[in-house]
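# A look at the structure
One letter stands for each residue in the lines below.
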Amino acid sequence: MSFGNSYGGGRTRMGTKVFLNVYDLSPSNDFLYPIGLGLHHSGVEILGVEYSFASGAGIFEGTPKEAPGARFREQLFLGVWEGSAADLRRVVAELRETENFGSEDYNLVRNNCNSFSNAFVWKLLERRIPAHVNRLADIGVCCSCLLPRDLLDNAPVGDPSSNNNNGSASSGFQAFPGTRNPTTSSPSNKKQVAPSIFSGAGHTLGGSNNNSNNQNSTTTNSMSGFGLFGRKSSAAKPAASPAEDAAQRREKARKAALARFEQTNRQQKQPASTATDEKSE
């Protein structure tokens, strides 16, 4: 039974309900979630407020089930906490100051939003969040040295109320750009795509070969700039048909037989001329 201005996740006579709100950061979670994996963001909901953690903002408050840049997946009831609003603020301050959840302490795989949710829930209920929420990040610790620093230090979900929303603005990945806070995007953040050295319309099998010479010269010139070709290759000779190939083989055989025949005749004539010279002497 609830009392006062209660809500679905509010304070009851037995205490305050604690929920874990889990979000998807990638459409691939539809396939990974059934096997206990996935790219997830999470926040702890208590007393109508969702607490989460991001780079730049540190621990921040938000509207439950409305994390920017993520798609809400599920809400998990974790238990009931007995404490006042003052106690809750004290726990949050302790996490921020002594548990490495400050504004500069974020790391995508080692100290992320799910790590905060786990530490926060442990402070409130002395239990862990479900392992599947952060399992992929736990696996990623093994290869974190291969990931770029910009990716590790920026959160995919940030504080929507902050003007310096580093998480949403500069994250290494953003799977659901349609849900991003529009104030965090600007034309200066757009990256220019370098032109590819492989260009041209190409051809399909049996299609037209118009402009093939121009395309070949363009590709050769662009590739020569990278030092891949020291000189232009000569044009390839067209392949002979089977009938022409057979005629060439027959001609070569005829010439070889004729040469052998002439050589045999010369050898036969040489002894006869020698015998005639001996008789004349």
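Conventions we followed
- Residues numbered from 1 in each chain as written.
- Predicted model: local features only at pLDDT ≥ 70, side-chain atom pairs only at ≥ 80, totals over all residues.
- Heavy atoms only, no water.
- Salt bridge = Lys/Arg side-chain N within 4 Å of Asp/Glu carboxyl O.
- Helix = DSSP H or I, 4+ residues; strand = E, 2+ residues; numbered from the N terminus.
- Axes fitted to C-alpha atoms, helices over the stretch in contact; angles between N-to-C directions.
- Parallel < 35°, antiparallel > 145°, perpendicular 65-115°, else oblique.
- Left-handed = near helix turned anticlockwise from the far one by under 90°.
- Contact = heavy atoms within 4.5 Å.
- Nonpolar A, V, L, I, M, F, W, Y, C, P; charged D, E, K, R; others polar.
- Expected span 1.5 Å × (residues − 1).
- Buried < 20%, exposed > 50% of the residue type's maximum accessible area, 1.4 Å probe, protein only.
- Polar contact = N/O pair within 3.5 Å; in protein donor to acceptor, adjacent residues only side chain to side chain.
- Phe/Tyr/Trp six-rings, centres within 6.5 Å; stacked < 30°, edge-to-face > 60°.
- Core = buried A, V, L, I, M, F, W, Y, C linked by side-chain atoms within 4.5 Å.
- pLDDT = per-residue confidence, 0-100.

### Notes on the pattern of salt bridges
- Evaluated as defined, the whole model comprises nine salt bridges.
- With a closest N to O distance of 2.8 Å, E94 and K123 form a salt bridge. Remark: K123 occurs in helix α3 (residues 113-125) and E94 occurs in helix α2 (residues 85-98); sequence separation between them is 29 residues.
- With a closest N to O distance of 2.9 Å, D245 and R249 form a salt bridge.

### What about the packing of α2 against α3?
- Running from N to C, α2 and α3 point in directions that differ by 135°, and their axes come no closer than 11 Å. Taken as axis vectors, α2 and α3 run oblique relative to one another. In the packing of α2 onto α3, the handedness of the crossing is right-handed. Residue-level contacts link L88, V91, V92, E94 and L95 of α2 to F116, A119, F120, K123 and L124 of α3.
- The class makeup of the residues in the contact of α2 with α3 is eight nonpolar, no polar and two charged.

### With respect to α3
- For α3, which comprises 13 residues, the first-to-last C-alpha distance of 18 Å matches the rise-based estimate of 18 Å (1.5 Å per residue) to within 8%.
- For α3, the buried fraction is high: 11 of the 13 residues fall into the buried class.
- Residues C113, N114, S115, F116, S117, N118, A119, F120, V121, L124 and L125 constitute the buried set of α3.
- In this structure, the buried side of α3 is in contact with β2 (15-24), β3 (40-46), β4 (49-54), β5 (58-62), β6 (71-81) and α2.
- Capping the start of α3 is the job of one residue whose side-chain oxygen sits 3.0 Å from the backbone nitrogen of N114: N112.
- Downstream of α3 by one or two residues, E126 has phi in the positive range, about 55°.

### A short note on the environment of N134
- Here N134 is to be found in the loop between α3 and α4 (135-140).
- Given the relative accessible area of 10%, N134 is considered buried.
- Contacts of N134, omitting those with residues within four sequence positions, involve N112, N114 and S115.

### Some remarks on unusual backbone geometry
- The backbone of K65 shows a phi angle near 70°, a positive value even though the residue is not glycine.
- With respect to the helices, strands and loops of the structure, K65 is situated in the loop between β5 and β6.
- Unusually for a residue other than glycine, N100 sits at a positive phi of about 60°.
- Here N100 is to be found in the loop between α2 and α3.

### Some remarks on the packing of aromatic side chains
- Counted by the stated rule, this structure contains eight aromatic pairs.
- Geometrically, the ring pair formed by F53 and F101 is edge-to-face, given 5.2 Å between the ring centres and 90° between the ring planes. Placement of the pair is F53 in strand β4 and F101 in the loop between α2 and α3, with a sequence separation of 48 residues. Across the pair, exposure class does not vary: F53 and F101 are buried alike.
- Seen from their ring centres, F53 and F116 are 6.3 Å apart, and the 35° between their planes marks the pair as tilted.

### Things to note about the nonpolar core
- Membership of the largest hydrophobic core comes to 26 residues, with the highest contact counts inside it found for L20, L95, F116, F120 and L124.
- Those elements that place two or more of their residues in this core are β2, β3, β4, β6, α2 and α3.
- The element contributing the most residues to this core is α3, with six residues.
- In this structure, L95 is in contact with I59, N100, F101, F116, A119, F120 and K123, ignoring residues within four places of it in sequence.
- Formed by five residues, the second largest nonpolar core is a distinct cluster that contains Y23, L25, A67 and A70.

### Considerations on the confidence of the model for the protein
- Mean pLDDT for the protein: 73, with 57% of residues reaching 70 or above.
- Taken as a whole, residues 217-234 scores under 50 in pLDDT and shows 10 contacts with residues more than four places along the chain or in a different chain.

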